[in-house]
Amino acid sequence: MSLETPPTVAAPLESPAATVSLQPLLHDLVSCVAAPVVTLSDAGGDIRPAGAQGVFAADLRWLSRCELQVDDAAPEPVSTATLGADAAEFLSLIRHLGNPGADPTVWVRRRRVVTRTGCSERLALVNQSDSTVNTRLQLRLASDLAPIETVKMGARPTAVAFVGPAAPGGPLALVGDGARASITSPGADLTVDADEVVLGWPLEIPPRSSAEVGWELTVADPDAAVVAACRLVVQTPTVAADDRRLAPLVARSVADLQSLQMATADHPEWTFLAAGSPWYLTLFGRDSLWAARMLLPLGTDLALGTLQTLAALQGTSVDPATAEEPGKIPHEVRRSVFAHGDTVLPALYYGTIDATPLWICLLADAWRWGLPAADVEGLLPALERALEWLDAYGDSDGDGFLEYVDRSGHGLANQGWKDSGDAVRFADGRIAEGPIALAEVQGYAYEAAVKAADLLDAFDRPGGAGWRAWAAAMAIRFRESFWRTDDLGRYPALALDGVKVAVDAPASNMGHLLATGILSPDEAAEVAARLVHPSMSSGFGLRTMSDRTGGYSPLSYHCGSVWPHDTAIAVHGLVSAGLTDAAAVLTDGLLAAGAAFDNRFPELYGGFAATDVGAPVPYPASCRPQAWSAAAAVMVVQGFLGLRPDVPAGVVDMAPAPGLGRLRVSGLRIAGQAVDISVDADGRCTDSTPLPGLTFRVAGS
């Protein structure tokens, strides 16, 4: 190289974050929910134009920025308090105002309340100093009207313009995708730019007093597919327990569940639970069914609304683009096409292998819990169509198992509850190729057939004997094809792949089999032993996949993380099988995790062992609240009590688990009647509300 030649300068390396859109993290955001509205902010209450922060309604982000300033300076947050699922209060210091010295004397209290049509804030500027404070409080607002799936992909949409007030003092407006929002701010002056609005309040506050201002956003969406429920049905029980972790977990969980109650626009009187916030504030077949099933101890109204809503959407024709088939229960409903990466789902999508048998199971369970016969009878035609789907379409290749495959090329590759693309793996880590027959789905199908047969017989419908024979044959096939052995013993494989090879990774799916009846008592004991082995039980709940497998990662969405609902289903199954020692191990882990997460179960969390970490590690993109995670707390209570009503038979069976301490639960509901139950530390029922026409039978008494 000559001296005259300029040196070669390497191009600066571009940050991967600058070129790759990453799903935004959620765990540290403050969430307030009253479905279909949710706000996500930082710890000071600010909504900043980054990540998933915003005010969402109807699958659109109406505000992407809402930042508080005092004299153009940002307050310093010191306290955040959640006041229920739908409200929060933030306290922040204003240290450039007030008395000199170290003690803060001016602060702002910001109280946010979310309703089912929008949100509002009250902003109180407190002057505890010795002098009058003259200042200006202002909010900077912006909107990008981004669809929820765009936000989930980590995209950064550009801001859109507000529509200024038609008259002085009138509301601001935003218009997007057939919906409209308005913002009112009494007493504020407005500065409206192309992509930002500033609401300003000049304030003069005497010593040791305060001034309060406020604003409100209201959304109207006449084209919404799902709306706020007009009938709120989730009841609140009262729990008193020796284990002090249980009562606050149940209270917070039920409050979250109440915030997730929704309905379709066509039938606002039929209440179901949205799957979760913020990505899933809509109807999801599997999630809504499981949540309603877990909440049967609180009454059958939610189950009825969920069953009716899904039956009204039951498939009637074959459509590969939507995965619709006659008798099939749908997977999810959106206001429009939901595009996320290579996955493009229609507004009404049927790509789920398990929602249909789970619908049957919920109907049968609700009947046992006392759903009135007239309501059950009205759903029997849908039951018969669902059974036809099990036989004619669920088993697409005629091998006797239910399997799935995406035939559209843009739907979900995996269509069980573990629906991420890498969820079904062999023990060596290889990803299985479809069509996939999941272990738990065969159990659901077996259970659905047996329970449907009971319903058909009870209501003088034909076919009961045939479905019992179908279930018996399924159990034989399952036993022959799914069971595998490794150095820890026998266990059911995760699935069968497209050429009927067992996908041999030990996974939590086997826990779902316990309550279905497809396992013998000896097989249930073998499953229990595997579930509580340290390779599966993290100490904070049940791992989705054994840590001895090649595909395991504690922060994998479905291959090593812990999902509270998944653990609770296993606990319920263990109690049903009389395996209470194993149930106690998993229950203790769940309660430890609930306490660590401020009594609000996230969607999932890391599968790190409790012996390696001092607290459960958040899965940072986990949704909260999530319907079936919150409902897990109620299922744990049912497990403690060992409660199994059979209202048509006139009995309520109880088998309380010994060694879990004293427990009293008030406000349970059986056959529409309020029930209080108390058990002692030895598992003996010490008190229960008499129910006309029903006999309590307590194990061991």
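Residues numbered from 1 in each chain as written. Predicted model: local features only at pLDDT ≥ 70, side-chain atom pairs only at ≥ 80, totals over all residues. Heavy atoms only, no water.

What follows is about the overall build of the protein chain. The number of helices and strands found in the protein chain is 13 helices and 34 strands. Over its C-alpha trace the protein chain gives a radius of gyration of 27 Å, about what one expects of a compact globule, namely 27 Å for 701 residues. Based on the C-alpha atoms only, the size of the protein chain along its principal axes is roughly 85 × 80 × 50 Å. Within the protein chain, the fraction of its 701 residues that count as buried is 56%. Expressed as a percentage of contacts within the protein chain between residues at least 6 apart in sequence, the contacts between residues at least 24 apart total 64%. Between the averaged position of the 50 positive side-chain charges in the protein chain and that of its 81 negative side-chain charges there is a distance of 4 Å. (Helix = DSSP H or I, 4+ residues; strand = E, 2+ residues; numbered from the N terminus. Rg over C-alpha atoms; globule rule 2.2 N^0.38 Å. Buried < 20%, exposed > 50% of the residue type's maximum accessible area, 1.4 Å probe, protein only. Contact = heavy atoms within 4.5 Å. Lys, Arg positive; Asp, Glu negative; His and termini not counted. Charge placed at Lys NZ, Arg CZ, Asp CG, Glu CD.)

We now examine the nonpolar core. Ranked by size, the top nonpolar core spans 175 residues in total, and within it Trp-359 and Leu-383 carry the most contacts. If you tally residues by element for this core, the top one is helix α13 (residues 627-641), at 12 residues. Those residues within four positions of Trp-359 in sequence are excluded, and the remaining contacts are Leu-289, Leu-307, Leu-310, Ala-311, Ile-329, Leu-379, Ala-382 and Leu-383. Residues Leu-60, Leu-97, Leu-139 and Phe-162 belong to the second largest nonpolar core, which totals 44 residues. (Core = buried A, V, L, I, M, F, W, Y, C linked by side-chain atoms within 4.5 Å.)

For strand β9 (residues 118-127), the buried fraction is high: 8 of the 10 residues fall into the buried class. Bridge analysis of strand β8 (residues 106-115) against β9 gives 10 bridges, and the strand direction is antiparallel. By the bridge assignment for β9, Val-113 is matched with Ser-120. Two successive antiparallel strands, β8 and β9, enclose a turn made up of 2 residues. (Pairing = 2+ DSSP bridges.)

This part takes up the pattern of salt bridges. Scanning the entire structure with this criterion turns up 50 salt bridges. Across the pair Asp-646 and Arg-368 runs a salt bridge, and its minimum N-O distance is 2.9 Å. On the criterion of sequence distance, the pair formed by Asp-646 in strand β29 (residues 643-646) and Arg-368 in helix α6 (residues 355-368) is long-range, its members being 278 residues apart. The class for Asp-646 is buried, based on a relative accessible area of 18%. In this structure Arg-368 comes out as partly exposed when scored by relative accessible area, which is 23%. Salt bridges linked by common partners bring Asp-42, Asp-46, Arg-48, Arg-65, Glu-67, Arg-110, Arg-112, Glu-121, Arg-140 and Glu-196 together as one network. (Salt bridge = Lys/Arg side-chain N within 4 Å of Asp/Glu carboxyl O.)

Bringing the environment of Tyr-552 into the picture now. Relative to the helices and strands, Tyr-552 is located in the loop between α10 (521-531) and α11 (564-576). Judged by relative accessible area, Tyr-552 falls into the partly exposed class, the value being 21%. In sequence terms Tyr-552 and Pro-492 are 60 residues apart; their C-alpha atoms lie 18 Å from each other. Beyond its immediate chain neighbours, meaning those up to four positions away, Tyr-552 contacts Arg-543, Met-545, Ser-546, Asp-547, Cys-559, Gly-560, Gly-607 and Phe-608. Polar contacts involving the side chain of Tyr-552 include one to the main-chain carbonyl oxygen of Gly-607, which spans 3.4 Å. (Polar contact = N/O pair within 3.5 Å; in protein donor to acceptor, adjacent residues only side chain to side chain.)

Here the focus is unusual backbone geometry. Backbone torsion omega between Gly-434 and Pro-435 reads 0°, so that peptide bond is classified as cis. Mapped onto the elements of the fold, Pro-435 is located in the loop between α7 (373-394) and β24 (437-438). With omega at -5°, the peptide bond leading from Arg-624 into Pro-625 counts as cis. Along the chain, the position of Pro-625 falls in the loop between α12 (580-596) and α13.

As a further point, take the sheet that holds β8. Judged by pairing direction, the sheet is antiparallel, and its 7 strands sit side by side in the order β6-β7-β8-β9-β15-β12-β11 without closing on themselves. Looking along the sheet, the strands with just one partner apiece sit at the ends: β6 (76-82) and β11 (172-176). Adjacent strand axes in the sheet meet at a mean angle of 15°, parallel and antiparallel pairs treated alike. (Axes fitted to C-alpha atoms, helices over the stretch in contact; angles between N-to-C directions.)

This brings us to the sheet that holds strand β19 (residues 272-273). Either a parallel or an antiparallel arrangement is found when strands of a sheet pair, and the pairing is made through backbone hydrogen bonds. Read across the open sheet, the 3 strands follow the order β16-β18-β19; overall the sheet is antiparallel. Whereas interior strands pair on both sides, the edge strands pair on one side only; in this sheet they are β16 (226-228) and β19. Inspection of the sheet shows β16 paired to strand β18 (residues 261-264) by 3 bridges, in the antiparallel sense. Residue pairing for β18: Val-227 is matched across the bridge by Ala-263.

Take the packing of α11 against α13 next. Closest axis-to-axis distance for the α11/α13 pair is 8 Å, and the angle between their directions is 20°. In terms of orientation, α11 lies roughly parallel with respect to α13. α11 and α13 meet at a crossing whose hand is left-handed. Each of Pro-564, His-565, Ala-568, Ile-569, His-572 and Val-575 in α11 lies in contact with α13, whose residues at this interface are Trp-628, Ser-629, Ala-632, Met-635, Gln-638 and Gly-639. Of the residues that constitute the contact of α11 with α13, the class distribution is 7 nonpolar, 5 polar and no charged. (Parallel < 35°, antiparallel > 145°, perpendicular 65-115°, else oblique. Left-handed = near helix turned anticlockwise from the far one by under 90°. Nonpolar A, V, L, I, M, F, W, Y, C, P; charged D, E, K, R; others polar.)

Here the focus is the packing of α6 against α7. Running from N to C, α6 and α7 point in directions that differ by 150°, and their axes come no closer than 9 Å. Classified by the interaxial angle, the pair formed by α6 and α7 is roughly antiparallel. Handedness of the α6/α7 crossing: left-handed. Here Thr-356, Pro-357, Trp-359, Ile-360, Leu-363 and Trp-367 of α6 lie close against α7, whose contacting residues are Val-376, Leu-379, Ala-382, Leu-383, Ala-386, Leu-387, Trp-389 and Leu-390. Of the residues in the contact of α6 with α7, the class split is 13 nonpolar, 1 polar and no charged.

For the structure shown, the criterion picks out 11 aromatic pairs. Their ring planes at 55° and their centres at 6.1 Å tell us that Trp-367 and Phe-459 sit as a pair that is tilted. Remark: Phe-459 occurs in the loop between α8 (439-458) and α9 (464-482) and Trp-367 occurs in helix α6; sequence separation between them is 92 residues. With a relative accessible area of 9%, Trp-367 lands in the buried category. (Phe/Tyr/Trp six-rings, centres within 6.5 Å; stacked < 30°, edge-to-face > 60°.)

For the protein chain, per-residue confidence averages 93 on the pLDDT scale, and 97% of positions sit at 70 or higher. Here residues 1-19 is a poorly scored stretch, pLDDT under 50, and it has 1 contact once near neighbours within four places are set aside; other chains count. (pLDDT = per-residue confidence, 0-100.)

Along the chain, Ser-678 turns up in strand β32 (residues 673-679). When neighbours within four sequence positions are excluded, Ser-678 is seen to be in contact with Leu-663, Arg-664, Arg-684, Cys-685, Thr-686 and Asp-687.

Under the 1.5 Å per step criterion, the end-to-end length of α8 is 29 Å for 20 residues, consistent within 8% with the ideal 28 Å. For α8, the buried fraction is high: 15 of the 20 residues fall into the buried class. (Expected span 1.5 Å × (residues − 1).)

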